[in-house]
Amino acid sequence: MTATMRAARMHDVGEPMRIERIPVPQPGPGDVRVAVHAVNIVPNVANILNMWTTWFPHSPLPTLPAIFGLDPAGVIEAVGEGVEGFEVGDRVYVNPGRSCGSCRSCRNNDSISCASYAFAGYFGFSKSAVGLLDRYQGGLAEYMVAPAYALVKLPDQLSFNAAARFGYIGTMYSALRKAEAGPGKTILINGISGTLGIAAALLAPAMGLTHVYGTGRDRELVDLLQRERPRARRDR
């Protein structure tokens, strides 16, 4: 393969990203290199790129210039030392969550409470997250490096574009599970026309929720969700 790749990098907050040629990243111990096939472009990314440092200065961005891009999916192209369970050619989704692996929270299998927790290709939750953000860049590039613990194998019948939606759909799935959603229960989804709200509207009937109510500002999307729900019922 070539020694360089194309990547979209942000050099300064509020400026357009630049498509540049930079060195292909090398996987370290416990890491893999993924050839990226799809990346999720979430609505909030414009806020991250333009206003995040003003709104949430305590939640840092990676050191600029940096590659952003959440929820990539692709094919493993190289495997670092010590990686088990994954090999070159595996189709994978890359969870953006990054943690240090050594603090008390990580040792208690509660990585999301890690003091250095970060979303690769997005932002960190404390100043100590910058190291992880810089090591693990986002998916708006031909190749990216990710820790093996962040990978999910994809079946052949699932497209990369569909897999790149796992992050937001998974967030809502986790929320519904924590709320003990199930048959005979009712749910109110505030912001049903948003990215997470639409995921909730799709998942709730599948989880057996009897009544699904929602509020939203986008009338067209709210109407679309209202029309689609009876169709989903007929298919069951």
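Predicted model only: the values in this text are computed from it and were never measured. (Residues numbered from 1 in each chain as written. Predicted model: local features only at pLDDT ≥ 70, side-chain atom pairs only at ≥ 80, totals over all residues. Heavy atoms only, no water.)

Visitor: Hey, could you run me through the overall build of the protein chain in this one?
Guide: Secondary structure assignment for the protein chain yields eight helices and 13 strands. Relative to its length of 236 residues, the protein chain is compact, with a C-alpha radius of gyration of 19 Å against a globular reference of 18 Å. Along the three orthogonal principal directions, the C-alpha set of the protein chain runs to about 55 × 40 × 40 Å. When burial is assessed residue by residue, the protein chain has 45% of its 236 residues classed as buried. Intrachain contacts of the protein chain at a sequence separation of at least 6 include 67% that bridge at least 24 residues. Approximately 13000 Å² of the protein chain is accessible, and the part contributed by carbon and sulfur atoms is 53%. In the protein chain, which carries 24 positive and 20 negative side-chain charges, the distance between the mean positions of the two groups comes to 7 Å. (Helix = DSSP H or I, 4+ residues; strand = E, 2+ residues; numbered from the N terminus. Rg over C-alpha atoms; globule rule 2.2 N^0.38 Å. Buried < 20%, exposed > 50% of the residue type's maximum accessible area, 1.4 Å probe, protein only. Contact = heavy atoms within 4.5 Å. Areas by Shrake-Rupley, 256 points an atom, 1.4 Å probe, with all protein chains shown as cover. Lys, Arg positive; Asp, Glu negative; His and termini not counted. Charge placed at Lys NZ, Arg CZ, Asp CG, Glu CD.)

Visitor: Looking at this model, I keep getting lost on the packing of aromatic side chains. Mind explaining?
Guide: Pairs of aromatic rings are described using the distance from one ring centre to the other and the angle between the two planes. Applying the stated criterion across every chain, the model contains nine aromatic pairs. Each ring, one from F119 and one from F123, has its centre 5.9 Å from the other, and the planes form 80 degrees; the classification is edge-to-face. What links up through ring pairs into an aromatic cluster is the set W52, F56, Y117, F119, Y122, F123 and F125. The ring of F160 carries the charged tip of R91 above its face, separated from the ring centre by 4.3 Å. (Phe/Tyr/Trp six-rings, centres within 6.5 Å; stacked < 30°, edge-to-face > 60°. Lys NZ or Arg CZ within 6 Å of the ring centre and 35° of its normal.)

Visitor: Can you help me understand the side chain of R91 in this one?
Guide: Positionally, R91 belongs in strand β6 (residues 91-94). Buried charge R91 goes without a salt bridge, the closest partner of opposite sign being D156 at 4.5 Å. A polar atom in the side chain of R91 sits 2.6 Å from the backbone oxygen of P155. Every residue in contact with R91, bar those within four places of it in the chain, is listed here: G74, V75, V152, K153, L154, P155, D156, L158, S159 and F160. (Salt bridge = Lys/Arg side-chain N within 4 Å of Asp/Glu carboxyl O. Polar contact = N/O pair within 3.5 Å; in protein donor to acceptor, adjacent residues only side chain to side chain.)

Visitor: Explain the nonpolar core here, please?
Guide: Across soluble globular proteins, nonpolar side chains have a tendency to be buried as a group. Membership of the largest hydrophobic core comes to 16 residues, with the highest contact counts inside it found for M172, L176, I187, I189, I192, L209 and V212. Elements supplying a minimum of two residues to this core: α6 (166-178), β12 (186-190), α7 (195-206) and α8 (219-235). For this core, the leading source of residues is α7, giving five residues. In contact with I192, other than residues within four places in its own chain, are G197, I198, A201, Y213, G214, T215, G216, V222 and L225. (Core = buried A, V, L, I, M, F, W, Y, C linked by side-chain atoms within 4.5 Å.)

Visitor: Honestly, the packing of α6 against α7 in this entry has me stumped. Any pointers?
Guide: Between two packed helices, both the angle of their axes relative to each other and the distance between the axes serve to describe the pair. At their nearest, the axes of α6 and α7 sit 9 Å apart, and the two run at 60 degrees to each other. Considering the angle they form, α6 stands oblique to α7. As α6 packs across α7, the resulting crossing turns out to be right-handed. Only T195, L196, A199, A200, L203 and A204 of α7 make contact with α6, whose side of the interface consists of Y168, I169, T171, M172, Y173 and L176. A class-by-class count of the residues in the contact of α6 with α7 yields 10 nonpolar, two polar and no charged. (Axes fitted to C-alpha atoms, helices over the stretch in contact; angles between N-to-C directions. Parallel < 35°, antiparallel > 145°, perpendicular 65-115°, else oblique. Left-handed = near helix turned anticlockwise from the far one by under 90°. Nonpolar A, V, L, I, M, F, W, Y, C, P; charged D, E, K, R; others polar.)

Visitor: Looking at this structure, I do not really get the pattern of salt bridges. What am I missing?
Guide: For side chains bearing opposite charge, pairing can occur when the charged atoms are close. Evaluation of the coordinates by the stated rule reveals six salt bridges. Where E77 meets R33, a salt bridge forms, and the shortest distance between an N and an O atom there is 2.6 Å. Within this pair, whereas E77 is found in strand β5 (residues 70-79), its partner R33 is found in strand β3 (residues 31-40), the two being separated by 44 residues in sequence. On the basis of relative accessibility, which here comes to 26%, the residue E77 falls in the partly exposed class. Taking relative accessible area as the criterion, R33 reaches 6% and is therefore assigned buried.

Visitor: I would appreciate a short explanation of the sheet that holds β5 in the present structure.
Guide: Backbone hydrogen bonds are what pair the strands of a sheet, in a parallel or an antiparallel way. Ordered by their spatial adjacency, five strands build an open sheet running β10-β3-β5-β6-β11, and the pairing between neighbours is antiparallel. The open sheet has two edge strands, β10 (143-147) and β11 (151-153), and neither has a second partner. On average, each strand axis in the sheet is tilted by 45 degrees relative to the strand beside it, whichever way the strands run. (Pairing = 2+ DSSP bridges.)

Visitor: Help me understand the sheet that holds strand β7 (residues 97-98), please; the structure alone is not making it clear to me.
Guide: Read across the sheet, three strands follow the order β7-β8-β9 without closing on themselves; strand pairing throughout is antiparallel. Two strands lie at the open edges of the sheet, namely β7 and β9 (123-124), each paired on one side alone. The pairing of β7 with strand β8 (residues 118-119) spans two bridges and is antiparallel. Among the inter-strand pairings, G97 is bridged to a residue of β8, identified as F119.

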